[in-house]
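What follows is each chain in one-letter form.
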Amino acid sequence: MNIELRQLRYFVAVAEERHFGRAALRLHMTQPPLSQAIQALEANLGTPLFARTKRSVALTPAGLALLPEAQRLLQQAGALPDLVRRAASGESGLLTLSFVSTADYSILPPLLRAFRETYPSVQIDLQEATSDLQLAQLMAGRIDAGLLIPPLPDKEKLALDYLPVLSEPLVLAAPTGLKALRNKGPIALSSVADMPLIIFPRRISPGFHDTILGCFRAAGLTPDIGQEAIQMQTIVGLVSAGMGIALVPQSVSNLQRPGVDYRELQDTTPLVETGLAWRRDNVSPVLQAFLELLRKK
């Protein structure tokens, strides 16, 4: 069975006008081809849709059942050009985005808010993941983009593009009540060097791991690594429990936890960068819209 949208449009016009002549005027056509089109539709469906008399046209039970469905199909067909245009321009669709836990305390909330305000019809699938897992997901094409901590390995650089988004200093996260914290203001690493260090495993984020250890080496210190954890919430939780100290990006101080004090460091520390990576061959309009918004910020 092959029913054309044109036939449904003719049927709806006659059903709503209850008159073939008025329906023909509405459709900007003559009455004979309209009547022939309705007869062809009825023959195709195998049942009359209209009960005709010389003075009136009424819908049969079959016509009454068809009318709302035909109206719905015509409405959906009418919306197709706009749907396609919006998808092609990135105004609708799906964006799969992964992010490291540190981004949740800095750039992710305002970025999502701005994107949602600009593209309210885009569905965003968020996944928290460490940098190494994000790189694997990007290489496999399972996500569109990832907010991660660089650097990118040489193999991934061949397939991925990268855009720096945020650079911020490291701060000290230490258990409340430490003697070294009695004075207000920035604190020297040497004053807390006797505390175990809580840190990301190197396999998870080698660049971040090495940056933290480099801060201790620059101060002439060798830290005692007491615990390793892959989530920033877990690291701060271990600090709260008195298990040790941690060096965290400044934005993590937005994660307020009882028993944790955040302090600026007297020591000179390198900036920690967070950036967005995506596959160079990903032509998704939604991704391009996200990148355009990000470049403007």
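Residues numbered from 1 in each chain as written. Predicted model: local features only at pLDDT ≥ 70, side-chain atom pairs only at ≥ 80, totals over all residues. Heavy atoms only, no water.

The protein chain has the name Bacterial regulatory helix-turn-helix, lysR family protein in an unreviewed UniProt entry, where Collimonas arenae is given as its organism. As its UniProt record puts it under Sequence similarities (unreviewed entry), the protein chain is described as follows: "Belongs to the LysR transcriptional regulatory family." (UniProt positions renumbered as here; feature names shortened; annotations may be inferred.)

A. Local environment of the nonpolar core. Counting 73 residues, the largest nonpolar core has Phe115, Met232, Ile245, Leu247, Tyr262 and Leu276 as the members making the most contacts within it. Broken down by element, this core gets its largest block of residues, seven residues, from helix H10 (residues 285-296). Both of domain 2 (93-166 + 274-296) and domain 3 (168-270) provide at least three residues apiece to this core. Phe11, Ala15, Ala37 and Val57 belong to the second largest nonpolar core, which has 21 residues in total. (Core = buried A, V, L, I, M, F, W, Y, C linked by side-chain atoms within 4.5 Å. Buried < 20%, exposed > 50% of the residue type's maximum accessible area, 1.4 Å probe, protein only. Helix = DSSP H or I, 4+ residues; strand = E, 2+ residues; numbered from the N terminus. Domains from an automatic or database assignment.)

B. Focus on the packing of helix H1 (residues 5-17) against helix H3 (residues 31-45). For the pair H1 and H3, the least separation of the axes is 9 Å and the interaxial angle reads 110 degrees. Relative to H3, H1 is oriented roughly perpendicular. Residues Arg6, Gln7, Tyr10, Phe11 and Val14 of H1 touch H3, and the partners they reach there are Leu34, Ala37, Ile38, Ala40 and Leu41. Residues belonging to the contact of H1 with H3 are distributed by class as follows: eight nonpolar, one polar and one charged. (Axes fitted to C-alpha atoms, helices over the stretch in contact; angles between N-to-C directions. Parallel < 35°, antiparallel > 145°, perpendicular 65-115°, else oblique. Contact = heavy atoms within 4.5 Å. Nonpolar A, V, L, I, M, F, W, Y, C, P; charged D, E, K, R; others polar.)

C. Summary view of the sheet that holds strand S12 (residues 272-279). Reading across from one edge, S4-S3-S5-S12-S6 is the order of the five strands in this open sheet, with mixed pairing throughout. This sheet does not close on itself; its edge strands, each paired only once, are strand S4 (121-128) and strand S6 (160-168). Here the strands of the sheet are splayed against their neighbours by 20 degrees on average, with no regard to which way each runs. Here strand S3 (residues 92-99) runs beside strand S5 (residues 145-148); their pairing, made up of three bridges, is parallel. By the bridge assignment, Ser98 is partnered in S5 with Gly146. Helix H6 (residues 131-140) contacts S3, S4, S5, S6 and S12 of the sheet and is inclined by roughly 160 degrees relative to S5. (Pairing = 2+ DSSP bridges.)

D. Looking closely at the environment of Ala103. Within the secondary structure, Ala103 sits in the loop between S3 and helix H5 (108-118). In this structure Ala103 comes out as buried when scored by relative accessible area, which is 0%. Taking the C-alpha atoms as reference points, Ala103 and Gly275, separated by 172 residues in sequence, lie 9.4 Å from one another. Apart from residues lying up to four places away in sequence, Ala103 is in contact with Leu108, Pro109 and Leu147.

E. Seen up close, the packing of aromatic side chains. Inspection of every chain in the model, using the stated rule, returns five aromatic pairs. When the ring of Phe115 is compared with that of Phe290, the centres are 5.2 Å apart and the planes differ by 80 degrees; the resulting orientation is edge-to-face. Placement of Phe115 in helix H5 and of Phe290 in helix H10 is noted, with a sequence separation of 175 residues between them. On the basis of relative accessible area, Phe115 is assigned to the buried category, the value being 0%. Ring pairing ties together the aromatic residues Phe11, Phe20 and Phe50, which thus form one cluster. (Phe/Tyr/Trp six-rings, centres within 6.5 Å; stacked < 30°, edge-to-face > 60°.)

F. Spotlight on the UniProt feature "domain: HTH lysR-type" (unreviewed entry) in the protein chain. In this structure's numbering, the residues bearing the UniProt feature "domain: HTH lysR-type" (unreviewed entry) are residues 3-60. The span residues 3-60 shows a helical share of 60% and a strand share of 10%, and its end C-alpha atoms are spaced 19 Å apart.

G. Structural view of H1. With 13 residues, H1 ought to run about 18 Å at 1.5 Å a step, and its terminal C-alpha atoms sit 18 Å apart, in line with that. Every buried residue of H1 is accounted for by Gln7, Leu8, Tyr10, Phe11, Val12, Ala13, Val14 and Ala15. (Expected span 1.5 Å × (residues − 1).)

H. Region of the structure containing unusual backbone geometry. Across the junction of Pro150 and Pro151, the peptide omega takes the value 10 degrees, indicating a cis bond. Position of Pro151 among the secondary structure elements: in the loop between S5 and helix H7 (154-157). Of note in this structure, Arg18 is not a glycine but carries a positive phi near 55 degrees. For Arg18, a relative accessible area of 39% puts it in the partly exposed group. Unlike most non-glycine residues, His28 shows phi in positive territory, near 60 degrees. Relative to the helices and strands, His28 resides in the loop between helix H2 (20-26) and H3. Classification of His28 as exposed rests on a relative accessible area of 74%.

I. Here's a closer look at empty space enclosed by the protein. Across all of its chains, the model carries one cavity of 30 Å³ or more by this definition. The volume enclosed by the largest cavity comes to roughly 100 Å³. Lining the largest cavity are 14 residues; nearest its centre among them are Val100, Ser101, Thr130, Phe200 and Ile230. Counting contributing residues per domain, the lining of the largest cavity is built from domain 2 (93-166 + 274-296) and domain 3 (168-270), each supplying no fewer than three. (1 Å grid on protein atoms, 1.4 Å probe; cavity = no way out; pocket = protein on both sides within 12 Å on 5 of 7 lines; lining within 4 Å. Points joined across faces, edges and corners; volume = space filled by probe spheres on them.)

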